[in-house]
Structure formats: C-alpha cells, structure tokens
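Structural overview for review
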Amino acid sequence: MTITFAQEEIQQTIQMIHEENLDIRTITMGISLLDCGSEDINRLEQKIYDKVVRNAGLLVSVGEKISARYGIPIINKRVSVTPIGIVAANMNSDGMVRSAKALDRAAREVGVNFIGGFSALVQKGFTVGDLALIDAIPQALSETEFICSSVNIGTTKAGINMDAVLKMGQVVLKCAQLTADKDGIAAAKLVVFCNAPEDNPFMAGSFHGVGEPECVINVGVSGPGVVAKVVKKYPEADFSELSNLIKQTAFKITRMGELIGRAASKALNVPFGIVDLSLAPTPAIGDSVAEILENMGLERCGTHGTTAALALLNDAVKKGGAMASSHVGGLSGAFIPVSEDAGMVKAVEVGALTLDKLEAMTCVCSVGLDMIALPGDVSAETISAIIADEAAIGMINKKTTAVRVIPAIGKKAGDRVEFGGLLGGAPVMEIHPFSSKLFVNRGGRIPAPIISLSN
C-alpha cells in the first residue's frame, strides 16, 4: 500500500520533528525462537545467537538509512523474541542465565539498544521452565547489558496467580540489591504484567508472542511534545474540541509511524506488524505527558482532575491512531513513567504526585506504575502487594497494567536515583508503612472476574 502525504502535512511533520520532539521511538523486530529448543545448552545458545543475528543483522543500518531518507529521527532499534521460558523450557536456572547471555551477545553483535523476551507467562501457573527463568532473572539482568525481562502474572480470563505475585516481589528486590551500585538498574529492566500484549514494541516489556509470525517489524511512535503544544495553543477549547484536536494530532503521528514501519518492512523483507502510538515521554524538557495534563488547566500533574484529564488524553490518542492505520496495536495511549518524564518528576518533588494517585491514573492510562523509585528498605511483600493492586486494576478493567518499580537500596523517600539516558532519574517516593505480608502470603489464585465469561 502506497502512503501519500499532502505538502501541508509534510511541513507540519517537519515542524513537529524540529520543534516539538517528535520521533520514532523504536523499530522493534520480533523474532520467533520456537524452533531453537534443544536439550543441549551449548546447542541452544548457538541456535539463539545465530537466529537473532541472521534476522536482525541489518536492522540498525536499515533504520539509519530510513531515518536519513525521510529526515525522521529513529531513536531506538530493538529486538524482541519468543519468551525464553518457553524456548528453554527444559533448562535449569543456570541454563536460563546462559540463554540470556547468548541473547546479550547477539544484541551486541547486531547493535540494537535492547533485546526483550527473557520472559515467562504464568497467569495460571508455573511450568518447570517458568520457575527456572524467574529464579534466573536477577542474575541474568545484573550480568547482561541489553537484556529486558517481563513476567505476565494475570489476565482477565485467568485471574491473578498470587504465588507468582509473591515470587516477583522477591525477584524485583533481588534485582535491585544486585545492582545497588547503579541505583538498582536491573529492576528498571523488569516489568510485571497483567494482560500483557504479544506485539508491544516498547521495552522493558516487549516479547514476541507465540501467536506472532516468524519475524515481524513493529513500530513505536511517541510525540508528547507535539500534543502538549496543541493543547497549549487552544486554552479556550472545551473538552469535545480538545479531544478532536488531540485525535487529529495522533492521526498525523500514527501516519508517520505507518510510513516508517512499511519502509522498514520492505527493506528488511519482513512483514509489517503494528504501529504502537504511545505518548512515551523522555527526560527532555517539552517531551512530557505531565505537561499535556497541565496544559489542560491543572496547576500541577497529580492534583484533583488529573485522572479525568489523562482519561481524555488516552482515549483521544487511541481514536486518532485507529483512524490512521488498520494495524494499531501494542499498548497505544499515554505512558506515565515517573523517572522518564520531567514534568512528573517535578510533580513528585513538590508533593503533588503520590504513589496512590499514580495508581488511580493507571486505571485510564496505557500501562501502569512505571519507573518508580521506592525506598531501599521496602520489603518484598510490599512490592508484591503493589503488583497485586495493579494487576487487579488490569484484570477487572480488561486492560494491560504493569509494574516497573526500582527499590533504591540504601536510600529513603526524598533521595534521588539516576539511571541516565531515556530512563532519566527521579526522587524516591513514599510508600505506606503498614504490612501486607499476611495478605500476599495466602497464595493460590485470585479468580477471574465474572466479566471473563464472555464466550
């Protein structure tokens, strides 16, 4: 399909790129590793490495050529693979770590920023391979550079695996402890999901679902700066008008993503998958979801009205994107990662944005509690309880929710962590002092809600 652009549309896109931080946040190649299984760990490592390098060897160079051709920044080139908990199902934890290191070597060889898929899907229970992978996550993430990990612990159809929730609280804390000298960076590469999508191009939660093709190109577009400027330009617009303005802007942004995705698909001879239009902020000034909400009339993100403003934003972005492409997928909407959003960092610093308010906002955003630094003395059980709360929101509301929190070992609320790059830095947030230990230790599964009986 040929995509055509009017001259005015091209000029608007150029302006958005140069003045409003518009970019293609990621081209992510999904690669199936289902044919790589082996009982021999040496053979497994080699097959994993070879297949990633064979398929993704040209990804970075093609991305750079397309960026130069169209004048559109493509910030990240990434790879996602079939959940390793499935691919290496007959390996123990040592074998899982070796598999992660094989992926890490492949990522280095092809030059991508991250590789996702050190993952397990355990919403209804564990396989032996799942348990081995989960046990291996702290070592794998602390001893590799490019690996990202995710674990899906619940779905609307299956309910919430509370045994997995308990275990993941322990894993998150262990990840932070093993990389305490780097402000817990390993925990920043780990996401705990409910209702994880199979085609998400954004890290750290990206993996190549078992329902996906052999190889596919997915594109993640981001433009909070563009939307913020549009909202600011029309201070008198009512909410219906504001929604339409955001939809029109999201339409233009998604069209750009479709263009780049199809160009990459053709150049790499790989099927085009989806465009994920997610307003993913960066630490750069003017590239903030919080700024969009404040431009709607809130004095500070986190004050009363924030959840309503975010609901309007998320809905309008999805509607605009859906009109621009037949294949909008992934997460698509508004992300609220604290450390990656300068406006949200400021809101935390002045006391406007709390963990409880963020949880309320996740009812209407695209993902969940994201890139939040917790006090270093947080217990594993408290982390598990935070995961359980967020999973419940996702399960009941039939949406994706996720938790990516970073215990800041040796630091307390009000101190600061720094991750650098797109991950940014943020104040350590306060948590409730009361225990959830007895609750999360009950185990078993929280049953699926009645709305799951929809067949």
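The rules behind each value
Residues numbered from 1 in each chain as written. Predicted model: local features only at pLDDT ≥ 70, side-chain atom pairs only at ≥ 80, totals over all residues. Heavy atoms only, no water. Helix = DSSP H or I, 4+ residues; strand = E, 2+ residues; numbered from the N terminus. Rg over C-alpha atoms; globule rule 2.2 N^0.38 Å. Contact = heavy atoms within 4.5 Å. Areas by Shrake-Rupley, 256 points an atom, 1.4 Å probe, with all protein chains shown as cover. Patch = residues over 30% accessible without salt bridge, like charges linked within 9 Å, V, L, I, M, F, W, Y side chains within 5 Å. Salt bridge = Lys/Arg side-chain N within 4 Å of Asp/Glu carboxyl O. Axes fitted to C-alpha atoms, helices over the stretch in contact; angles between N-to-C directions. Parallel < 35°, antiparallel > 145°, perpendicular 65-115°, else oblique. Left-handed = near helix turned anticlockwise from the far one by under 90°. Nonpolar A, V, L, I, M, F, W, Y, C, P; charged D, E, K, R; others polar. Phe/Tyr/Trp six-rings, centres within 6.5 Å; stacked < 30°, edge-to-face > 60°. Buried < 20%, exposed > 50% of the residue type's maximum accessible area, 1.4 Å probe, protein only. Expected span 1.5 Å × (residues − 1). Bend = angle between axes of the 7 residues up to and from the residue.

This brings us to the overall build of the protein. A tally of helices and strands in the protein yields 15 helices and 14 strands. By the compact-globule yardstick of 23 Å for 455 residues, the protein fits well, its C-alpha radius of gyration being 21 Å. When its C-alpha atoms are laid out on the principal axes, the protein stretches across 60 × 55 × 50 Å. Pairs at least 24 apart in sequence give 79% of the contacts found in the protein among residues at least 6 apart. Entry remark: accessible area of the protein is about 17900 Å², with carbon and sulfur atoms responsible for 52%.

Our focus in this paragraph is a nonpolar patch on the surface. A cluster of nonpolar side chains, contributed by Leu34, Ile86 and Val210, occupies part of the molecular surface with about 250 Å² of accessible area. Its location among the elements puts isoleucine 86 in helix H4 (residues 84-87).

Here we take up the packing of helix H8 (residues 224-233) against helix H9 (residues 239-268). Packing of H8 against H9 leaves a shortest axis separation of 10 Å and a crossing angle of 150°. Taken together, H8 and H9 sit at an angle that is classed as roughly antiparallel. Crossing angle aside, the handedness with which H8 passes H9 is right-handed. Where H8 approaches H9, its residues Val226, Val227, Val230 and Val231 are matched on the opposing element by Leu242, Leu245, Ile246, Thr249 and Ile253. Grouping the constituent residues of the contact of H8 with H9 by class yields eight nonpolar, one polar and no charged.

In helix packing, the relevant descriptors are the interaxial angle and the interaxial distance, both defined with respect to the helix axes. Interaxial distance between helix H6 (residues 128-142) and helix H7 (residues 162-178) falls to 8 Å at its minimum, and their mutual angle equals 20°. As the angle between them shows, H6 and H7 are arranged roughly parallel. H6 and H7 meet at a crossing whose hand is right-handed. Facing Leu131, Ile134, Asp135, Ile137, Pro138, Gln139, Leu141 and Ser142 of H6, the residues of H7 in contact are Lys167, Met168, Val171, Lys174, Cys175 and Leu178. A breakdown of the residues in the contact of H6 with H7 according to their chemical character gives nine nonpolar, two polar and three charged.

Moving on to the packing of aromatic side chains. Evaluated as defined, the whole model comprises one aromatic pair. Aromatic pair phenylalanine 202 and phenylalanine 335: ring centres 5.2 Å apart, planes at 75°, arrangement edge-to-face. Of this pair, phenylalanine 202 sits in the loop between strand E6 (190-194) and strand E7 (215-222) while phenylalanine 335 is found in the loop between strand E9 (333-334) and helix H12 (342-349), placing the two residues 133 residues apart along the sequence. When its relative accessible area of 4% is taken as the criterion, phenylalanine 202 is described as buried.

Between its first and last C-alpha atoms H6 spans 23 Å; for 15 residues at 1.5 Å apiece the expected length is 21 Å, and the two agree. Most pronounced at alanine 136, the bend in H6 amounts to some 45°, and the proline proline 138 follows within four residues. All buried positions along H6 are accounted for by Gly129, Asp130, Ala132, Leu133, Ile134, Ala136, Ile137, Pro138, Ala140 and Leu141. Where H6 is buried, its residues contact H4, helix H5 (93-110), strand E3 (115-121), strand E4 (147-155), H7 and E6.

These figures capture arrangement, not role.
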